[in-house]
Amino acid sequence: MSAAESWAEGPRSATRERRREGRARRDARLEVAGLVAAVVFVVLASVARALSNGPLSTADETAHLDYAYEVWHGHLPVFERGIQFHPAFGAVPPVQWVSQHPPLFYALLAPVVGPLIDGNHLYIAVIAGRFEDALIAGTTVLATWWAARQVRPGDRVVAVVAALATASTGMLILVGGAIYNDLVNVTFCALAIGLAARALRTGLTTRLVVAAALVGVGGMLSRLVFAVFLLGLVVALFVAPTRAVTARGAWGRRVLAAVVVGVVAALGAGWFYLRNRALTGNVAGSHPAWAAAHLGRHDRTASSVVTDKGFWEQLFAVYRAGLPTTSPLTWVLLLAPLVLAAVVGVVVLVRTLPARGRRHGSAAADGQPAEVAEVAGVVGRPLWGVPAGWWLAAMMVAVVVLTVFLEVRFVMGGGAPNTRYALPLVPVTAIVGAIGLTALGRIAGTVLTVLWSICAVVAYSSAVGLVTPVGPAIALTATRGDYVVSLVVFAFMVVAAVVLRLRRPPAVGVDAGSEPDVHADHGGRPDGA
(Lines give C-alpha, C1' and ligand atoms only; values in the text may rest on other atoms or scores of the structure.)
Protein backbone atom coordinates (compact mmCIF):
# COMPACT_ATOMS: atom_id res chain seq x y z
CA MET A 1 0.00 0.00 0.00
CA SER A 2 1.39 3.40 -1.00
CA ALA A 3 1.72 6.33 1.40
CA ALA A 4 -1.21 8.06 -0.29
CA GLU A 5 -3.41 4.99 0.02
CA SER A 6 -2.44 4.62 3.67
CA TRP A 7 -3.28 8.28 4.29
CA ALA A 8 -6.70 7.84 2.63
CA GLU A 9 -7.45 4.60 4.47
CA GLY A 10 -7.12 6.26 7.88
CA PRO A 11 -10.26 8.45 7.63
CA ARG A 12 -12.26 5.62 6.05
CA SER A 13 -11.30 3.25 8.87
CA ALA A 14 -12.29 5.86 11.45
CA THR A 15 -15.64 6.37 9.71
CA ARG A 16 -16.35 2.62 9.71
CA GLU A 17 -15.48 2.45 13.38
CA ARG A 18 -17.84 5.31 14.21
CA ARG A 19 -20.61 3.59 12.27
CA ARG A 20 -20.03 0.34 14.15
CA GLU A 21 -20.10 2.17 17.46
CA GLY A 22 -23.29 4.01 16.49
CA ARG A 23 -24.93 0.75 15.44
CA ALA A 24 -23.91 -0.90 18.71
CA ARG A 25 -25.41 1.99 20.70
CA ARG A 26 -28.69 1.77 18.78
CA ASP A 27 -28.82 -2.00 19.28
CA ALA A 28 -28.20 -1.53 23.01
CA ARG A 29 -31.06 1.00 23.24
CA LEU A 30 -33.37 -1.40 21.40
CA GLU A 31 -32.43 -4.20 23.78
CA VAL A 32 -33.11 -2.03 26.83
CA ALA A 33 -36.42 -0.89 25.33
CA GLY A 34 -37.50 -4.48 24.67
CA LEU A 35 -36.45 -5.58 28.15
CA VAL A 36 -38.24 -2.72 29.91
CA ALA A 37 -41.36 -3.41 27.85
CA ALA A 38 -41.23 -7.11 28.80
CA VAL A 39 -40.93 -6.30 32.51
CA VAL A 40 -43.71 -3.69 32.37
CA PHE A 41 -45.96 -6.02 30.37
CA VAL A 42 -45.72 -8.95 32.78
CA VAL A 43 -46.43 -6.62 35.73
CA LEU A 44 -49.46 -5.10 33.97
CA ALA A 45 -50.71 -8.51 32.84
CA SER A 46 -50.37 -9.91 36.37
CA VAL A 47 -52.20 -6.88 37.81
CA ALA A 48 -55.03 -7.37 35.29
CA ARG A 49 -55.32 -10.97 36.40
CA ALA A 50 -55.14 -9.98 40.07
CA LEU A 51 -58.05 -7.54 39.73
CA SER A 52 -60.25 -9.85 37.65
CA ASN A 53 -59.87 -13.00 39.76
CA GLY A 54 -61.88 -13.51 42.92
CA PRO A 55 -59.97 -12.85 46.16
CA LEU A 56 -58.72 -16.02 47.88
CA SER A 57 -60.30 -18.03 45.10
CA THR A 58 -58.27 -21.11 46.04
CA ALA A 59 -57.47 -22.63 49.41
CA ASP A 60 -53.80 -22.63 48.40
CA GLU A 61 -53.78 -18.83 48.06
CA THR A 62 -55.41 -18.49 51.49
CA ALA A 63 -52.75 -20.75 53.00
CA HIS A 64 -49.93 -18.75 51.42
CA LEU A 65 -51.42 -15.50 52.73
CA ASP A 66 -51.75 -17.03 56.20
CA TYR A 67 -48.08 -18.08 56.14
CA ALA A 68 -47.06 -14.44 55.52
CA TYR A 69 -49.42 -13.30 58.28
CA GLU A 70 -47.89 -15.74 60.75
CA VAL A 71 -44.38 -14.59 59.83
CA TRP A 72 -45.56 -11.02 60.47
CA HIS A 73 -46.42 -12.14 63.98
CA GLY A 74 -43.01 -13.68 64.50
CA HIS A 75 -43.46 -17.42 64.04
CA LEU A 76 -43.59 -20.09 61.35
CA PRO A 77 -46.82 -21.95 60.59
CA VAL A 78 -47.50 -25.54 61.65
CA PHE A 79 -49.49 -27.97 59.51
CA GLU A 80 -51.85 -29.15 62.23
CA ARG A 81 -52.49 -25.67 63.64
CA GLY A 82 -54.33 -24.55 60.52
CA ILE A 83 -55.08 -20.99 59.40
CA GLN A 84 -54.52 -18.29 62.01
CA PHE A 85 -56.72 -15.55 60.56
CA HIS A 86 -60.41 -15.81 59.74
CA PRO A 87 -61.34 -14.68 56.21
CA ALA A 88 -64.93 -13.61 55.59
CA PHE A 89 -64.70 -14.74 51.98
CA GLY A 90 -62.81 -17.18 49.80
CA ALA A 91 -61.71 -20.79 50.25
CA VAL A 92 -60.19 -21.94 53.54
CA PRO A 93 -57.96 -25.04 53.80
CA PRO A 94 -58.62 -27.47 56.67
CA VAL A 95 -54.92 -27.41 57.66
CA GLN A 96 -51.90 -25.21 56.97
CA TRP A 97 -50.85 -27.23 53.96
CA VAL A 98 -48.12 -24.89 52.68
CA SER A 99 -46.21 -24.83 55.98
CA GLN A 100 -43.55 -27.12 54.45
CA HIS A 101 -42.22 -24.31 52.23
CA PRO A 102 -39.18 -22.21 53.22
CA PRO A 103 -39.93 -18.68 54.51
CA LEU A 104 -38.17 -16.27 52.11
CA PHE A 105 -41.21 -15.31 50.01
CA TYR A 106 -43.37 -14.90 53.08
CA ALA A 107 -40.79 -12.71 54.81
CA LEU A 108 -40.96 -10.39 51.77
CA LEU A 109 -44.76 -10.43 51.83
CA ALA A 110 -45.32 -10.12 55.59
CA PRO A 111 -44.69 -6.34 55.99
CA VAL A 112 -47.19 -5.64 53.21
CA VAL A 113 -50.11 -7.88 54.16
CA GLY A 114 -49.64 -8.28 57.93
CA PRO A 115 -50.69 -4.75 59.00
CA LEU A 116 -53.61 -4.78 56.57
CA ILE A 117 -54.98 -8.05 57.96
CA ASP A 118 -54.55 -6.77 61.51
CA GLY A 119 -56.50 -3.67 60.50
CA ASN A 120 -59.37 -5.80 59.09
CA HIS A 121 -58.62 -4.73 55.49
CA LEU A 122 -58.53 -8.25 54.14
CA TYR A 123 -59.55 -7.47 50.53
CA ILE A 124 -56.89 -4.77 50.30
CA ALA A 125 -54.37 -7.17 51.84
CA VAL A 126 -55.14 -9.76 49.15
CA ILE A 127 -54.80 -7.22 46.34
CA ALA A 128 -51.61 -5.77 47.84
CA GLY A 129 -50.11 -9.24 48.14
CA ARG A 130 -51.02 -9.98 44.54
CA PHE A 131 -49.49 -6.72 43.37
CA GLU A 132 -46.25 -7.61 45.15
CA ASP A 133 -46.22 -10.94 43.35
CA ALA A 134 -46.77 -9.04 40.08
CA LEU A 135 -43.58 -7.10 40.80
CA ILE A 136 -41.77 -10.37 41.53
CA ALA A 137 -42.93 -11.57 38.09
CA GLY A 138 -41.04 -8.59 36.69
CA THR A 139 -37.87 -9.73 38.46
CA THR A 140 -38.33 -13.19 36.92
CA VAL A 141 -38.33 -11.67 33.43
CA LEU A 142 -35.29 -9.55 34.28
CA ALA A 143 -33.39 -12.54 35.66
CA THR A 144 -34.20 -14.66 32.62
CA TRP A 145 -32.98 -11.88 30.29
CA TRP A 146 -29.73 -11.70 32.27
CA ALA A 147 -29.34 -15.49 32.14
CA ALA A 148 -29.83 -15.43 28.36
CA ARG A 149 -27.11 -12.78 28.10
CA GLN A 150 -24.73 -15.12 29.93
CA VAL A 151 -25.73 -18.17 27.93
CA ARG A 152 -25.30 -16.27 24.64
CA PRO A 153 -23.09 -13.26 25.38
CA GLY A 154 -23.24 -10.68 22.63
CA ASP A 155 -26.59 -11.96 21.27
CA ARG A 156 -29.06 -9.22 22.12
CA VAL A 157 -31.78 -10.82 19.96
CA VAL A 158 -31.98 -14.06 21.93
CA ALA A 159 -31.93 -12.15 25.23
CA VAL A 160 -34.86 -9.91 24.26
CA VAL A 161 -36.91 -12.78 22.78
CA ALA A 162 -36.22 -14.83 25.94
CA ALA A 163 -37.59 -11.93 28.00
CA LEU A 164 -40.62 -11.76 25.69
CA ALA A 165 -41.23 -15.51 26.01
CA THR A 166 -40.97 -15.39 29.80
CA ALA A 167 -43.28 -12.38 30.12
CA SER A 168 -45.83 -14.10 27.85
CA THR A 169 -45.93 -17.35 29.84
CA GLY A 170 -49.58 -17.77 30.83
CA MET A 171 -48.97 -19.66 34.08
CA LEU A 172 -46.39 -17.08 35.15
CA ILE A 173 -49.04 -14.37 34.66
CA LEU A 174 -51.63 -16.40 36.60
CA VAL A 175 -49.23 -16.87 39.52
CA GLY A 176 -48.09 -13.24 39.29
CA GLY A 177 -51.72 -12.24 39.73
CA ALA A 178 -52.18 -14.32 42.89
CA ILE A 179 -50.35 -15.01 46.16
CA TYR A 180 -48.02 -17.94 45.56
CA ASN A 181 -44.35 -18.49 46.35
CA ASP A 182 -43.31 -19.89 42.95
CA LEU A 183 -41.91 -16.82 41.22
CA VAL A 184 -39.25 -16.00 43.79
CA ASN A 185 -37.99 -19.53 43.21
CA VAL A 186 -38.12 -19.15 39.41
CA THR A 187 -36.11 -15.94 39.67
CA PHE A 188 -33.38 -17.75 41.60
CA CYS A 189 -33.47 -20.61 39.08
CA ALA A 190 -32.81 -18.13 36.26
CA LEU A 191 -29.97 -16.53 38.23
CA ALA A 192 -28.43 -19.97 38.81
CA ILE A 193 -28.49 -20.66 35.06
CA GLY A 194 -26.90 -17.29 34.35
CA LEU A 195 -24.15 -17.75 36.95
CA ALA A 196 -23.39 -21.25 35.67
CA ALA A 197 -23.08 -19.89 32.14
CA ARG A 198 -20.86 -17.03 33.27
CA ALA A 199 -18.59 -19.40 35.18
CA LEU A 200 -18.23 -21.68 32.17
CA ARG A 201 -17.54 -18.81 29.77
CA THR A 202 -15.34 -16.47 31.81
CA GLY A 203 -13.93 -18.69 34.55
CA LEU A 204 -13.98 -18.69 38.34
CA THR A 205 -13.56 -15.45 40.27
CA THR A 206 -14.13 -14.61 43.90
CA ARG A 207 -17.01 -12.30 42.99
CA LEU A 208 -18.73 -15.03 40.99
CA VAL A 209 -18.39 -17.62 43.77
CA VAL A 210 -19.80 -15.17 46.32
CA ALA A 211 -22.75 -14.44 44.01
CA ALA A 212 -23.33 -18.17 43.49
CA ALA A 213 -23.31 -18.76 47.26
CA LEU A 214 -25.90 -16.00 47.81
CA VAL A 215 -28.11 -17.33 45.03
CA GLY A 216 -27.77 -20.83 46.47
CA VAL A 217 -29.00 -19.70 49.88
CA GLY A 218 -31.81 -17.60 48.43
CA GLY A 219 -32.98 -20.38 46.14
CA MET A 220 -33.02 -23.00 48.88
CA LEU A 221 -34.99 -20.60 51.09
CA SER A 222 -37.62 -20.25 48.34
CA ARG A 223 -38.56 -23.82 47.37
CA LEU A 224 -36.97 -27.24 47.74
CA VAL A 225 -36.99 -27.88 43.98
CA PHE A 226 -34.22 -25.30 43.65
CA ALA A 227 -31.86 -28.07 44.80
CA VAL A 228 -31.84 -29.28 41.19
CA PHE A 229 -30.57 -25.91 39.95
CA LEU A 230 -28.12 -25.65 42.85
CA LEU A 231 -26.66 -28.99 41.79
CA GLY A 232 -26.30 -27.71 38.22
CA LEU A 233 -24.60 -24.55 39.46
CA VAL A 234 -22.16 -26.50 41.66
CA VAL A 235 -21.24 -28.78 38.76
CA ALA A 236 -20.69 -25.76 36.50
CA LEU A 237 -18.31 -24.27 39.07
CA PHE A 238 -16.50 -27.59 39.32
CA VAL A 239 -15.81 -27.76 35.56
CA ALA A 240 -15.31 -24.02 34.88
CA PRO A 241 -12.00 -22.53 33.66
CA THR A 242 -9.72 -21.18 36.39
CA ARG A 243 -6.76 -18.84 36.71
CA ALA A 244 -4.52 -21.64 37.89
CA VAL A 245 -1.46 -22.42 35.75
CA THR A 246 -1.15 -26.05 36.85
CA ALA A 247 -3.60 -28.91 36.74
CA ARG A 248 -3.35 -29.42 40.52
CA GLY A 249 -4.06 -25.75 41.20
CA ALA A 250 -7.06 -25.81 38.85
CA TRP A 251 -8.54 -28.86 40.58
CA GLY A 252 -8.11 -27.19 43.96
CA ARG A 253 -9.87 -23.99 42.87
CA ARG A 254 -12.73 -25.91 41.33
CA VAL A 255 -13.27 -28.11 44.36
CA LEU A 256 -13.07 -25.12 46.70
CA ALA A 257 -15.64 -23.12 44.70
CA ALA A 258 -18.09 -26.02 44.53
CA VAL A 259 -17.70 -26.85 48.23
CA VAL A 260 -18.09 -23.22 49.34
CA VAL A 261 -21.34 -22.77 47.43
CA GLY A 262 -22.77 -26.07 48.64
CA VAL A 263 -21.78 -25.52 52.28
CA VAL A 264 -23.06 -21.93 52.38
CA ALA A 265 -26.42 -23.07 50.98
CA ALA A 266 -26.60 -25.85 53.57
CA LEU A 267 -25.74 -23.52 56.44
CA GLY A 268 -28.09 -20.78 55.29
CA ALA A 269 -31.15 -22.92 54.52
CA GLY A 270 -30.53 -26.31 56.09
CA TRP A 271 -32.10 -25.31 59.40
CA PHE A 272 -35.54 -25.10 57.81
CA TYR A 273 -35.35 -28.56 56.25
CA LEU A 274 -34.14 -29.98 59.55
CA ARG A 275 -37.25 -28.39 61.08
CA ASN A 276 -39.39 -30.11 58.45
CA ARG A 277 -37.78 -33.42 59.30
CA ALA A 278 -38.36 -32.91 63.01
CA LEU A 279 -42.06 -32.06 62.48
CA THR A 280 -42.97 -34.52 59.73
CA GLY A 281 -40.22 -37.13 59.47
CA ASN A 282 -39.04 -35.97 56.01
CA VAL A 283 -37.13 -32.94 54.71
CA ALA A 284 -39.89 -32.12 52.20
CA GLY A 285 -42.37 -31.66 55.06
CA SER A 286 -45.05 -33.71 53.34
CA HIS A 287 -47.97 -35.50 55.03
CA PRO A 288 -48.84 -38.44 52.75
CA ALA A 289 -50.98 -40.20 55.38
CA TRP A 290 -53.18 -37.12 55.90
CA ALA A 291 -53.48 -36.59 52.13
CA ALA A 292 -54.57 -40.20 51.65
CA ALA A 293 -57.16 -39.99 54.42
CA HIS A 294 -58.64 -36.58 53.61
CA LEU A 295 -57.93 -35.85 49.94
CA GLY A 296 -58.31 -39.33 48.51
CA ARG A 297 -54.72 -39.39 47.25
CA HIS A 298 -52.96 -42.73 47.01
CA ASP A 299 -49.64 -44.06 45.82
CA ARG A 300 -49.17 -44.78 42.14
CA THR A 301 -46.57 -46.73 40.20
CA ALA A 302 -43.96 -44.98 38.08
CA SER A 303 -45.29 -46.57 34.90
CA SER A 304 -48.86 -45.43 35.60
CA VAL A 305 -47.62 -41.85 36.03
CA VAL A 306 -45.33 -41.57 33.01
CA THR A 307 -47.86 -43.25 30.70
CA ASP A 308 -50.66 -40.97 31.90
CA LYS A 309 -51.32 -38.38 29.20
CA GLY A 310 -53.03 -36.16 31.75
CA PHE A 311 -49.83 -35.95 33.81
CA TRP A 312 -47.89 -34.40 30.93
CA GLU A 313 -50.76 -32.17 29.83
CA GLN A 314 -51.31 -30.79 33.30
CA LEU A 315 -47.65 -30.35 34.19
CA PHE A 316 -46.36 -28.63 31.05
CA ALA A 317 -49.34 -26.46 30.04
CA VAL A 318 -47.35 -23.39 31.15
CA TYR A 319 -48.66 -21.20 28.31
CA ARG A 320 -52.33 -22.00 28.78
CA ALA A 321 -53.34 -18.95 30.88
CA GLY A 322 -57.15 -19.27 30.83
CA LEU A 323 -57.23 -21.95 28.11
CA PRO A 324 -57.82 -25.67 28.73
CA THR A 325 -54.69 -27.74 29.25
CA THR A 326 -55.55 -29.63 26.04
CA SER A 327 -55.73 -26.48 23.89
CA PRO A 328 -53.52 -26.85 20.77
CA LEU A 329 -52.41 -23.23 21.19
CA THR A 330 -50.78 -24.09 24.53
CA TRP A 331 -48.63 -26.77 22.95
CA VAL A 332 -47.75 -24.78 19.85
CA LEU A 333 -46.39 -22.02 22.08
CA LEU A 334 -44.28 -24.44 24.11
CA LEU A 335 -43.14 -27.03 21.57
CA ALA A 336 -42.66 -25.17 18.28
CA PRO A 337 -39.68 -23.05 19.48
CA LEU A 338 -38.14 -26.04 21.30
CA VAL A 339 -38.39 -28.26 18.21
CA LEU A 340 -36.75 -25.54 16.10
CA ALA A 341 -33.97 -25.22 18.68
CA ALA A 342 -33.46 -28.99 18.68
CA VAL A 343 -33.14 -29.02 14.87
CA VAL A 344 -30.61 -26.19 15.02
CA GLY A 345 -28.69 -28.05 17.72
CA VAL A 346 -28.47 -31.21 15.60
CA VAL A 347 -27.24 -29.22 12.60
CA VAL A 348 -24.60 -27.50 14.72
CA LEU A 349 -23.49 -30.82 16.21
CA VAL A 350 -23.09 -32.37 12.77
CA ARG A 351 -21.05 -29.39 11.59
CA THR A 352 -18.79 -29.02 14.61
CA LEU A 353 -17.86 -32.62 15.47
CA PRO A 354 -15.75 -33.21 12.31
CA ALA A 355 -14.02 -29.86 12.85
CA ARG A 356 -13.17 -30.75 16.46
CA GLY A 357 -11.85 -34.10 15.30
CA ARG A 358 -9.56 -32.41 12.80
CA ARG A 359 -8.25 -30.02 15.46
CA HIS A 360 -7.51 -32.86 17.89
CA GLY A 361 -5.81 -34.81 15.13
CA SER A 362 -3.66 -31.83 14.29
CA ALA A 363 -2.64 -31.41 17.92
CA ALA A 364 -1.69 -35.08 18.13
CA ALA A 365 0.34 -34.82 14.94
CA ASP A 366 2.27 -31.92 16.43
CA GLY A 367 3.29 -34.21 19.29
CA GLN A 368 1.96 -31.94 22.05
CA PRO A 369 2.52 -33.60 25.45
CA ALA A 370 -0.66 -34.62 27.28
CA GLU A 371 0.22 -32.66 30.41
CA VAL A 372 0.74 -29.49 28.35
CA ALA A 373 -2.63 -29.95 26.68
CA GLU A 374 -4.26 -30.46 30.10
CA VAL A 375 -2.77 -27.27 31.51
CA ALA A 376 -3.84 -25.34 28.40
CA GLY A 377 -7.36 -26.61 28.94
CA VAL A 378 -7.23 -25.70 32.62
CA VAL A 379 -6.34 -22.09 31.93
CA GLY A 380 -8.53 -21.31 28.96
CA ARG A 381 -11.38 -23.83 28.72
CA PRO A 382 -13.74 -25.73 30.98
CA LEU A 383 -12.75 -29.18 32.22
CA TRP A 384 -11.51 -31.64 29.60
CA GLY A 385 -11.55 -28.92 26.95
CA VAL A 386 -15.29 -29.31 26.33
CA PRO A 387 -16.76 -26.04 24.94
CA ALA A 388 -18.84 -24.00 27.37
CA GLY A 389 -21.88 -24.23 25.11
CA TRP A 390 -21.88 -28.01 25.33
CA TRP A 391 -21.64 -27.95 29.11
CA LEU A 392 -24.56 -25.50 29.21
CA ALA A 393 -26.67 -27.67 26.93
CA ALA A 394 -25.96 -30.69 29.12
CA MET A 395 -26.82 -28.73 32.27
CA MET A 396 -30.16 -27.55 30.86
CA VAL A 397 -31.11 -31.06 29.78
CA ALA A 398 -30.11 -32.37 33.21
CA VAL A 399 -32.21 -29.86 35.19
CA VAL A 400 -35.23 -30.62 33.01
CA VAL A 401 -34.83 -34.37 33.45
CA LEU A 402 -34.26 -34.10 37.21
CA THR A 403 -37.20 -31.72 37.69
CA VAL A 404 -39.51 -34.05 35.79
CA PHE A 405 -38.16 -36.99 37.82
CA LEU A 406 -39.02 -35.18 41.06
CA GLU A 407 -42.53 -34.45 39.79
CA VAL A 408 -43.02 -38.08 38.83
CA ARG A 409 -41.95 -39.10 42.34
CA PHE A 410 -44.30 -36.49 43.83
CA VAL A 411 -47.29 -37.80 41.88
CA MET A 412 -46.32 -41.39 42.71
CA GLY A 413 -46.70 -40.41 46.38
CA GLY A 414 -50.23 -39.09 45.83
CA GLY A 415 -49.51 -35.51 44.72
CA ALA A 416 -51.16 -33.70 41.84
CA PRO A 417 -49.23 -32.58 38.69
CA ASN A 418 -49.93 -28.87 39.09
CA THR A 419 -48.77 -26.70 36.18
CA ARG A 420 -47.13 -24.31 38.67
CA TYR A 421 -44.58 -27.01 39.44
CA ALA A 422 -43.10 -26.68 35.94
CA LEU A 423 -42.47 -22.94 36.33
CA PRO A 424 -38.80 -23.43 37.41
CA LEU A 425 -38.16 -24.70 33.89
CA VAL A 426 -39.49 -21.53 32.24
CA PRO A 427 -36.05 -19.84 32.09
CA VAL A 428 -34.73 -22.93 30.29
CA THR A 429 -37.60 -23.16 27.80
CA ALA A 430 -37.58 -19.38 27.24
CA ILE A 431 -33.86 -19.22 26.42
CA VAL A 432 -33.82 -22.37 24.30
CA GLY A 433 -37.08 -21.36 22.61
CA ALA A 434 -35.65 -17.91 21.83
CA ILE A 435 -32.70 -19.59 20.10
CA GLY A 436 -35.13 -21.67 18.06
CA LEU A 437 -37.31 -18.72 17.06
CA THR A 438 -34.38 -16.57 15.92
CA ALA A 439 -31.99 -19.09 14.36
CA LEU A 440 -33.43 -19.42 10.85
CA GLY A 441 -32.49 -16.11 9.24
CA ARG A 442 -33.77 -12.56 9.51
CA ILE A 443 -37.06 -12.92 7.63
CA ALA A 444 -37.95 -16.40 8.88
CA GLY A 445 -36.96 -15.50 12.43
CA THR A 446 -39.01 -12.32 12.33
CA VAL A 447 -42.11 -14.06 10.98
CA LEU A 448 -41.85 -16.85 13.55
CA THR A 449 -41.42 -14.38 16.41
CA VAL A 450 -44.45 -12.34 15.32
CA LEU A 451 -46.67 -15.40 14.84
CA TRP A 452 -45.59 -16.82 18.19
CA SER A 453 -46.32 -13.48 19.88
CA ILE A 454 -49.82 -13.32 18.39
CA CYS A 455 -50.59 -16.78 19.78
CA ALA A 456 -49.18 -15.74 23.17
CA VAL A 457 -51.31 -12.62 23.46
CA VAL A 458 -54.42 -14.64 22.58
CA ALA A 459 -53.62 -17.05 25.41
CA TYR A 460 -52.96 -14.16 27.82
CA SER A 461 -56.28 -12.51 26.95
CA SER A 462 -58.13 -15.67 27.96
CA ALA A 463 -56.99 -15.19 31.58
CA VAL A 464 -58.38 -11.68 32.06
CA GLY A 465 -62.03 -11.15 32.96
CA LEU A 466 -63.37 -8.00 31.29
CA VAL A 467 -67.14 -8.51 31.70
CA THR A 468 -68.11 -9.70 35.17
CA PRO A 469 -67.01 -7.48 38.07
CA VAL A 470 -65.05 -9.09 40.91
CA GLY A 471 -64.89 -7.11 44.13
CA PRO A 472 -65.55 -3.35 44.01
CA ALA A 473 -66.99 -1.92 40.79
CA ILE A 474 -63.86 0.15 40.27
CA ALA A 475 -61.84 -3.04 39.97
CA LEU A 476 -63.50 -3.90 36.64
CA THR A 477 -62.80 -0.41 35.25
CA ALA A 478 -59.20 -0.65 36.40
CA THR A 479 -58.87 -4.11 34.85
CA ARG A 480 -60.10 -2.89 31.47
CA GLY A 481 -57.75 0.10 31.46
CA ASP A 482 -54.82 -2.01 32.60
CA TYR A 483 -55.54 -4.62 29.92
CA VAL A 484 -55.56 -2.04 27.11
CA VAL A 485 -52.27 -0.54 28.27
CA SER A 486 -50.74 -4.02 28.56
CA LEU A 487 -51.61 -4.73 24.92
CA VAL A 488 -49.89 -1.51 23.83
CA VAL A 489 -46.79 -2.42 25.84
CA PHE A 490 -46.89 -5.95 24.42
CA ALA A 491 -46.93 -4.58 20.87
CA PHE A 492 -43.98 -2.30 21.67
CA MET A 493 -42.08 -5.27 23.12
CA VAL A 494 -42.62 -7.32 19.96
CA VAL A 495 -41.63 -4.41 17.70
CA ALA A 496 -38.39 -3.90 19.65
CA ALA A 497 -37.54 -7.61 19.32
CA VAL A 498 -38.39 -7.66 15.61
CA VAL A 499 -36.40 -4.53 14.75
CA LEU A 500 -33.42 -5.84 16.67
CA ARG A 501 -33.75 -9.18 14.85
CA LEU A 502 -33.82 -7.50 11.45
CA ARG A 503 -30.78 -5.40 12.24
CA ARG A 504 -28.42 -8.22 13.17
CA PRO A 505 -29.03 -11.91 12.54
CA PRO A 506 -27.21 -14.05 15.11
CA ALA A 507 -24.84 -16.73 13.91
CA VAL A 508 -25.60 -20.40 14.42
CA GLY A 509 -23.19 -22.51 16.41
CA VAL A 510 -22.50 -24.23 19.69
CA ASP A 511 -21.58 -20.84 21.09
CA ALA A 512 -23.48 -18.86 18.46
CA GLY A 513 -23.84 -15.23 19.21
CA SER A 514 -21.05 -15.34 21.74
CA GLU A 515 -18.40 -12.73 21.90
CA PRO A 516 -15.00 -14.14 20.95
CA ASP A 517 -13.28 -15.89 23.83
CA VAL A 518 -9.84 -14.39 23.52
CA HIS A 519 -8.53 -16.71 26.22
CA ALA A 520 -9.79 -19.96 24.79
CA ASP A 521 -6.84 -20.82 22.60
CA HIS A 522 -4.07 -18.60 23.90
CA GLY A 523 -3.67 -19.58 27.52
CA GLY A 524 -4.76 -16.19 28.87
CA ARG A 525 -6.60 -15.96 32.13
CA PRO A 526 -10.37 -15.42 32.22
CA ASP A 527 -11.19 -11.88 33.16
CA GLY A 528 -14.31 -12.73 35.15
CA ALA A 529 -15.53 -9.15 34.79
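This report concerns the structure included in the present document. Just so you know, these numbers come straight off a predicted model, no measurement behind them.

With that settled, the discussion passes to the nonpolar core. With 141 residues, the main nonpolar core has Phe41, Leu65, Ile193, Phe226, Phe229, Leu237 and Tyr460 as its most contacted residues. Ignoring anything within four residues of it in the chain, the contact list for Phe226 reads Asn185, Phe188, Cys189, Ala192, Val215, Gly216, Gly219 and Met220.

Time to look at a positive patch on the surface. A surface patch of positive charge is lined by Arg23, Arg25, Arg26, Arg29 and Arg442. The biggest single contributor to the positive patch is helix H1 (residues 3–52), with four residues. Here Arg25 lies in helix H1.

A few words on empty space enclosed by the protein. Considering all chains together, one arrives at two cavities of 30 Å³ or more under this definition. The computed volume of the largest cavity comes to approximately 60 Å³. Ala165, Tyr319, Leu333, Leu334, Pro337, Leu338, Thr429, Ala430, Gly433, Ala434, Leu437 and Trp452 together form the lining of the largest cavity. For the lining of the largest cavity, the leading source of residues is helix H17 (residues 426–438), giving five residues. Within the lining of the largest cavity, the residues separate by chemical class into ten nonpolar, two polar and no charged. The computed volume of the second largest cavity comes to approximately 40 Å³. Lining the second largest cavity we find Phe316, Val318, Leu334, Ala422, Leu425, Val426 and Thr429. Across the lining of the second largest cavity, the residue classes break down as six nonpolar, one polar and no charged.

The end-to-end C-alpha distance of helix H5 (residues 156–167) is 17 Å, a good match for the 16 Å that twelve residues give at a rise of 1.5 Å each. Burial of H5 is extensive: twelve of the twelve residues sit out of reach of the surface. All of the buried residues in H5 are Arg156, Val157, Val158, Ala159, Val160, Val161, Ala162, Ala163, Leu164, Ala165, Thr166 and Ala167.

If you add up the space inside the largest pocket, you get close to 1,200 Å³. Only helix H2 (59–72), helix H7 (182–202), helix H11 (288–294) and helix H16 (388–412) provide two or more residues apiece to the lining of the largest pocket. Residue classes in the lining of the largest pocket are distributed as 19 nonpolar, eleven polar and seven charged.

Cut-offs used in this document
- Residues numbered from 1 in each chain as written.
- Predicted model: local features only at pLDDT ≥ 70, side-chain atom pairs only at ≥ 80, totals over all residues.
- Heavy atoms only, no water.
- Core = buried A, V, L, I, M, F, W, Y, C linked by side-chain atoms within 4.5 Å.
- Buried < 20%, exposed > 50% of the residue type's maximum accessible area, 1.4 Å probe, protein only.
- Contact = heavy atoms within 4.5 Å.
- Patch = residues over 30% accessible without salt bridge, like charges linked within 9 Å, V, L, I, M, F, W, Y side chains within 5 Å.
- Areas by Shrake-Rupley, 256 points an atom, 1.4 Å probe, with all protein chains shown as cover.
- Salt bridge = Lys/Arg side-chain N within 4 Å of Asp/Glu carboxyl O.
- Lys, Arg positive; Asp, Glu negative; His and termini not counted.
- Charge placed at Lys NZ, Arg CZ, Asp CG, Glu CD.
- Helix = DSSP H or I, 4+ residues; strand = E, 2+ residues; numbered from the N terminus.
- 1 Å grid on protein atoms, 1.4 Å probe; cavity = no way out; pocket = protein on both sides within 12 Å on 5 of 7 lines; lining within 4 Å.
- Points joined across faces, edges and corners; volume = space filled by probe spheres on them.
- Nonpolar A, V, L, I, M, F, W, Y, C, P; charged D, E, K, R; others polar.
- Expected span 1.5 Å × (residues − 1).

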